[in-house]
Amino acid sequence: MGTFWIGTGWKMNKTVAETRRYIAALKGLWPEGAGGCTVFVIPPFTALAAAREAIGTMPLLLGAQNMHWAEAGAFTGEISATMLEEFGIDMVELGHSERRQMFGETDAALNMKVKAALRHGLRPLLCVGDSAEERRAGASGEAVVRQVRLAFAGLDAGELGRCLVAYEPIWAIGEGGVAATPEEVRAVHADLHVALKEMGGPAVPVLYGGSVSAGNAADLAAEPMVDGLFVGRAAWTPEGLAGLIAAVAAARA
Ligand code: PEP
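Note that the structure is a prediction, hence the values are computed from the model and not measured. (Residues numbered from 1 in each chain as written. Predicted model: local features only at pLDDT ≥ 70, side-chain atom pairs only at ≥ 80, totals over all residues. Heavy atoms only, no water.)

Enquirer: Talk me through the pairing of strand β2 (residues 37-42); I want residue IDs and the actual numbers.
Expert: Taking burial as the measure, the six residues of β2 include six buried ones, the bulk of the element. Alternating positions in β2 separate into two faces, C37, V39 and V41 on one and T38, F40 and I42 on the other, with burial throughout. Two strands pair when backbone bridges link them, and strand β1 (residues 4-9) and β2 are joined in this way by six bridges, in the parallel orientation. Across the sheet, F4 pairs through a bridge with C37, a residue of β2. Viewed along the sheet, the connection from β1 through helix α1 (residues 16-29) into β2 turns out right-handed. Two strands pair when backbone bridges link them, and β2 and strand β3 (residues 60-64) are joined in this way by three bridges, in the parallel orientation. Note on β3: the bridge partner recorded for F40 is L61. Between β2 and its parallel partner β3, the chain crosses via helix α2 (residues 48-55), and the hand of that crossover is right-handed. (Buried < 20%, exposed > 50% of the residue type's maximum accessible area, 1.4 Å probe, protein only. Helix = DSSP H or I, 4+ residues; strand = E, 2+ residues; numbered from the N terminus. Pairing = 2+ DSSP bridges. Right-handed = clockwise from strand over helix to strand, strands pointing away.)

Enquirer: Can you explain the packing of aromatic side chains? Please cite residues and give values.
Expert: Here the structure, examined in full by the defined rule, presents three aromatic pairs. In this structure, K14 packs its charged tip against the face of W10, placed 5.4 Å from the ring centre. (Phe/Tyr/Trp six-rings, centres within 6.5 Å; stacked < 30°, edge-to-face > 60°. Lys NZ or Arg CZ within 6 Å of the ring centre and 35° of its normal.)

Enquirer: Could you give me a rundown of the site of the ligand, with the residues and numbers involved?
Expert: The full set of residues close to the ligand is K11, H96, E168, A172, I173, G174, G210, S211, F230, V231, G232 and R233. Separating an oxygen atom of the ligand from a side-chain N or O atom of H96 is a distance of 2.8 Å. Between the ligand and R233, the relevant distance is 2.6 Å, taken from an oxygen atom to a side-chain nitrogen or oxygen of the residue. For the ligand, whose accessible area on its own is 290 Å², the fraction buried by protein is 98%. (Near = heavy atom within 4 Å. Polar contact = N/O pair within 3.5 Å; in protein donor to acceptor, adjacent residues only side chain to side chain. Areas by Shrake-Rupley, 256 points an atom, 1.4 Å probe, with all protein chains shown as cover.)

Enquirer: Give a detailed account of α1, specifying residues and quantitative values.
Expert: The terminal C-alpha atoms of α1, which comprises 14 residues, lie 20 Å apart, in line with the 20 Å expected from a rise of 1.5 Å per residue. Of the residues making up α1, those classed as buried are T19, Y22, I23 and L26. Looking down the long axis of α1, one finds its buried residues gathered within 90 degrees of arc, a one-sided arrangement. Among the exposed residues of α1, those oriented more than 90 degrees off its buried face are R21 and G28. Packing partners of the buried residues in α1 comprise β1, β2, α2, β3 and α11 (238-252). (Expected span 1.5 Å × (residues − 1). Arc of directions from axis to C-beta. Contact = heavy atoms within 4.5 Å.)

Enquirer: Explain the sheet that holds strand β6 (residues 164-167) to me, and be specific about the residues and the numbers.
Expert: Taken together, eight strands build a closed barrel; the order of strands is β1-β2-β3-β4-β5-β6-β7-β8 and the barrel is parallel. Sheet twist, expressed as the average angle between the axes of neighbouring strands with direction ignored, equals 25 degrees. Sheet strands in contact with helix α5 (residues 107-119) are β4 (91-94) and β5 (123-128), and its direction is about 180 degrees off that of β4. (Axes fitted to C-alpha atoms, helices over the stretch in contact; angles between N-to-C directions.)

Enquirer: I'd like a rundown of the packing of α5 against helix α7 (residues 140-151), residues and numbers included.
Expert: At a minimum axis distance of 8 Å, the contact between α5 and α7 shows a crossing angle of 50 degrees. On the basis of the axis angle, α5 is oblique to α7. Within the contact between the two elements, α5 uses D107, L110, N111 and V114 and α7 uses Q147, L150 and A151. When grouped by side-chain class, the residues that make up the contact of α5 with α7 number four nonpolar, two polar and one charged. (Parallel < 35°, antiparallel > 145°, perpendicular 65-115°, else oblique. Nonpolar A, V, L, I, M, F, W, Y, C, P; charged D, E, K, R; others polar.)

Enquirer: Explain the pattern of salt bridges to me, and be specific about the residues and the numbers.
Expert: By the definition in use, this model includes 10 salt bridges. A salt bridge links K11 to E98, with the shortest nitrogen-to-oxygen separation between them at 2.5 Å. Within this pair, whereas K11 is found in the loop between β1 and α1, its partner E98 is found in helix α4 (residues 97-102), the two being separated by 87 residues in sequence. Residue R52 is joined to D90 by a salt bridge in which the shortest nitrogen-to-oxygen separation is 3.8 Å. Here D90 lies in the loop between α3 (81-85) and β4 and R52 lies in helix α2, a separation of 38 residues in the sequence. Accessibility expressed as a relative area gives 26% for R52, which makes it partly exposed. Each of the salt bridges in this network shares a partner with another, and the network as a whole consists of R99, E105 and K113. (Salt bridge = Lys/Arg side-chain N within 4 Å of Asp/Glu carboxyl O.)

Functional significance is not addressed by these values, which are geometric in nature.
Written out as structure tokens, the structure is:
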């Protein structure tokens, strides 16, 4: 059994001071048996330096929530991979549905971002998701496979092998979201695994995200097609993330 990925994206939440407190508390709460998990946090850009310092030697990976594809230039308000590298980050979240919906992020732009991240040794965490309409039409798998194919177009096997995918149904994330059932997750993850294999990659881990909670984490983690959990609200406290790590570790023991 490979490592199980578990991490949290903080969206536009947490100051530098809050970030320091979160990581210090998480250190104290670190669960026994977390060894089978690869844990990550994805704070806002402004808290990356503080997070890096607070993490120290903890086995906790650090990610950014977005980046531009260009090395530098006239892109006001954007952040490059070179800039992120200075913070010693491990990974970069790309294509969250909020960025696609609110900031017009396209599959073509994501393809350039994925390639830029890989050039800089950053592991892309590509988020893909189906809308409620696509779900009703029975087209969830088709929708997310299309997003993965476009974002990963042109990658060779070695590059694919450094990527992560998070299946985050748009209808499941955030306030008002309802988690996908293990059956729904199983079906879509199966489609994603088949497509990723067809693209020539070694096994690319596929994480699930969307209303993951203390109540459903163990069941989701027990699904053989689920290689990790990407969590929002339920892991925005250190107690929340530590509890999820412990539940997942127990479910997979
Ligand atoms: C998300 O928005 O990526 C997410 C997983 O959120 P939540 O867990 O809060 O539904």
